[in-house]
Amino acid sequence: MAGGQNTEGDANLSQPAPDRTLADFGPVKKPKRNRYVLACATLASMTSVLLGYDIGVMSGANIYIQDDLKISDLKVALLVGTLNLYSLVGSAAAGRTSDWIGRRYTIVMAGAIFFVGSILMGFATNYAFLMVGRFVAGVGVGYALMIAPVYTAEVSPASSRGFLTSFPEVFINAGILLGYVSNYAFSKLPTNLGWRFMLGIGAIPSVFLALVVLGMPESPRWLVMQGRLGDARKVLDRTSDSKEESQQRLSDIKEAAGIPQDCNDDVVHVQKQSHGEGVWKELLIYPTRSVRHILICGIGIHFFQQASGIDAVVLYSPRIFEKAGITSSNGKLLATVAVGFTKTVFILVATFLLDRIGRRPLLLSSVGGMVLCLTTLGFGLTMIDQSDEKLPWAVALSVAMVLAYVAFFSIGMGPITWVYSSEIFPLKLRAQGTSMGVAVNRVTSGVISTTFILLYKAITIGGSFFLFAGVAAVAWVFFFTCLPETRGRTLEDIEVLFGSFIKWRSALKDEQKKEVSGDNGGQIQMGTKA
């Protein structure tokens, strides 16, 4: 490799090369995209279609359900919002389940549960029956939300982890768009059949997903935790950018799992922590400074993603457009399809920027744009509310701001929440830590979607969006001060960024100085040799 170097140069290279391979130089050299890991990430992330479809389809179906079953606004709010609370059961159980039966079979379980929920909702004869179906579907959604980003992060190489781990959000948006299209397609049917077809048709993708996922490999990190080093090595060889990176990733995972580096048998004995025991203590009762910082960031980013009002816009967009002055059913549904299309297009743009630009710049610019759009939307809706005559400019402004808001959300806040929270937790705490983030996400979403109708009746619809703008502004400050950049680092290397809270920048500079001074004998000599 060092063609014109003398033996002294070779001696200089012999020490650092085995220890410092891709972890330091990976971000500099952009390798070709690994098609196998791309296929794995795509298949795992497709489970997120289930949540997206449910969100999108319910935004229109609730109008027809209210007409057919003659239920009140409160019952509509409960029907729409409680799925997020029901999903807590799934996300809470998914961490332990995935440590027990593996990431892959947990994805299969998510699809199977959602299938049963969709069938129950499609055949519901009354409100109570419908709510039972919502509960079952909610559990499936909770499983899918937690496991898809964890599996994708664990199987992806560092060079493309941001791109691949954003896939769940891509498929959530694709599902929302499919739900909106389903609303429009079945809206022509008789009322009592239309909403049943809208909800029941969601069973079809869940069957397909559960079957396809069986062809995927298991997560290499889960395999190492089970002592199956031979199987993990095979998966890493296929999902890494090079043989050297595969070896480095295996070495890092073994260290994180407490397996000695000289232990290279295909199957080794691993000290079993009975699937979650001790993990909750490390997370909540006796966390280290770095784990406490990680937990605050992981929970905070999930809370602010939902508290800034995205589900209120997506779930109630027909009502928002009605308040803005669009009165025909077709007009409202078509405007809603435009929302879904905008979300999907901009999330696709975001996937290609995550590993090029980084998490922080995208997140901060995204949230800044959301603050501006929410404030302007609140102004437009307030003007419409206060005026006795139709204001075409305010209607156009409000519709434009809804589309701009979902565009800004989708280019940063939407995908980065799932990418960031799935990559920052240490291996041992990852499943439970991620499930806590998902739980907070679903509780916040449930509260927002359940109370939005009551909120805008209490403080006006314009006032509610001013409130969301204030929350988004607080989120921007939190992200700016507390969240370090993780782009280009291996999962095992990310923990060193945390522990200093708002002083993480100075801690990172100290760490970089130590690395430079530690490398003086190797890399700098290599660079200055003539």
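Structure shown above.
Residues numbered from 1 in each chain as written. Predicted model: local features only at pLDDT ≥ 70, side-chain atom pairs only at ≥ 80, totals over all residues. Heavy atoms only, no water.

## Regarding the packing of aromatic side chains
What describes a pair of aromatic rings is the distance from one ring centre to the other and the angle between the planes of the rings.
Part 1: Evaluation of the coordinates by the stated rule reveals 12 aromatic pairs.
Part 2: Taken together, a centroid distance of 5.1 Å and an interplanar angle of 70 degrees make the contact between Phe303 and Phe304 edge-to-face.
Part 3: According to the relative accessible area criterion, Phe303 is partly exposed, its value standing at 34%.
Part 4: For the pair Phe452 and Phe468, a centre-to-centre distance of 6.3 Å together with 20 degrees between the ring planes defines the contact as stacked. Of this pair, Phe452 sits in helix α23 (residues 430-459) while Phe468 is found in helix α24 (residues 461-482), placing the two residues 16 residues apart along the sequence. (Phe/Tyr/Trp six-rings, centres within 6.5 Å; stacked < 30°, edge-to-face > 60°. Buried < 20%, exposed > 50% of the residue type's maximum accessible area, 1.4 Å probe, protein only. Helix = DSSP H or I, 4+ residues; strand = E, 2+ residues; numbered from the N terminus.)

## Observations concerning the pattern of salt bridges
Part 1: Within the structure shown, the criterion is met by 9 salt bridges.
Part 2: Lys457 serves as the salt-bridge partner of Asp73, at 2.9 Å between the closest nitrogen and oxygen. Of this pair, Asp73 sits in helix α6 (residues 73-101) while Lys457 is found in helix α23, placing the two residues 384 residues apart along the sequence.
Part 3: Given the relative accessible area of 53%, Lys457 is considered exposed.
Part 4: Beyond isolated ion pairs, a larger network of salt bridges with shared partners links Asp99, Arg103 and Glu154. (Salt bridge = Lys/Arg side-chain N within 4 Å of Asp/Glu carboxyl O.)

## As for helix α4 (residues 35-45)
Turn by turn, an α-helix covers 3.6 residues, leaving residues three or four places apart pointing in a common direction.
Part 1: Burial in α4 covers these residues: Val37, Cys40, Ala41, Ala44 and Ser45. Along the long axis of α4, the arc covered by the buried residues comes to 120 degrees, so they all point the same way. (Arc of directions from axis to C-beta.)

## Focus on the packing of helix α5 (residues 49-69) against helix α8 (residues 127-155)
Part 1: The interhelical angle for the contact between α5 and α8, taken along N-to-C directions, is 170 degrees, at an axis separation of 13 Å. With respect to each other, α5 and α8 are oriented roughly antiparallel. Contacts from Leu51, Asp54, Met58, Ile65 and Leu69 of α5 reach α8 at Tyr127, Leu130, Arg134, Val141 and Leu145.
Part 2: Class assignment for the residues of the contact of α5 with α8 results in 8 nonpolar, no polar and 2 charged. (Axes fitted to C-alpha atoms, helices over the stretch in contact; angles between N-to-C directions. Parallel < 35°, antiparallel > 145°, perpendicular 65-115°, else oblique. Contact = heavy atoms within 4.5 Å. Nonpolar A, V, L, I, M, F, W, Y, C, P; charged D, E, K, R; others polar.)

## Describing the packing of helix α21 (residues 359-386) against α24
Part 1: The geometry of α21 relative to α24 is characterised by a closest axis approach of 8 Å and an angle of 165 degrees between their N-to-C directions. If you check the angle between α21 and α24, you find them roughly antiparallel. The handedness of the crossing between α21 and α24 comes out as left-handed.
Part 2: Across the contact of α21 with α24, the residue classes tally to 19 nonpolar, 6 polar and 2 charged. (Left-handed = near helix turned anticlockwise from the far one by under 90°.)

## A word on the nonpolar core
Part 1: With 143 residues, the main nonpolar core has Ile65, Leu199, Phe452, Phe465, Phe479 and Leu483 as its most contacted residues.
Part 2: Per-element accounting of this core gives the leading share, 15 residues, to α8.
Part 3: Excluding residues that lie within four positions of it along the chain, Ile65 makes contacts with Met58, Lys70, Ile71, Leu79, Leu130, Trp195 and Leu199. (Core = buried A, V, L, I, M, F, W, Y, C linked by side-chain atoms within 4.5 Å.)

None of this, on its own, says anything about what the molecule does.
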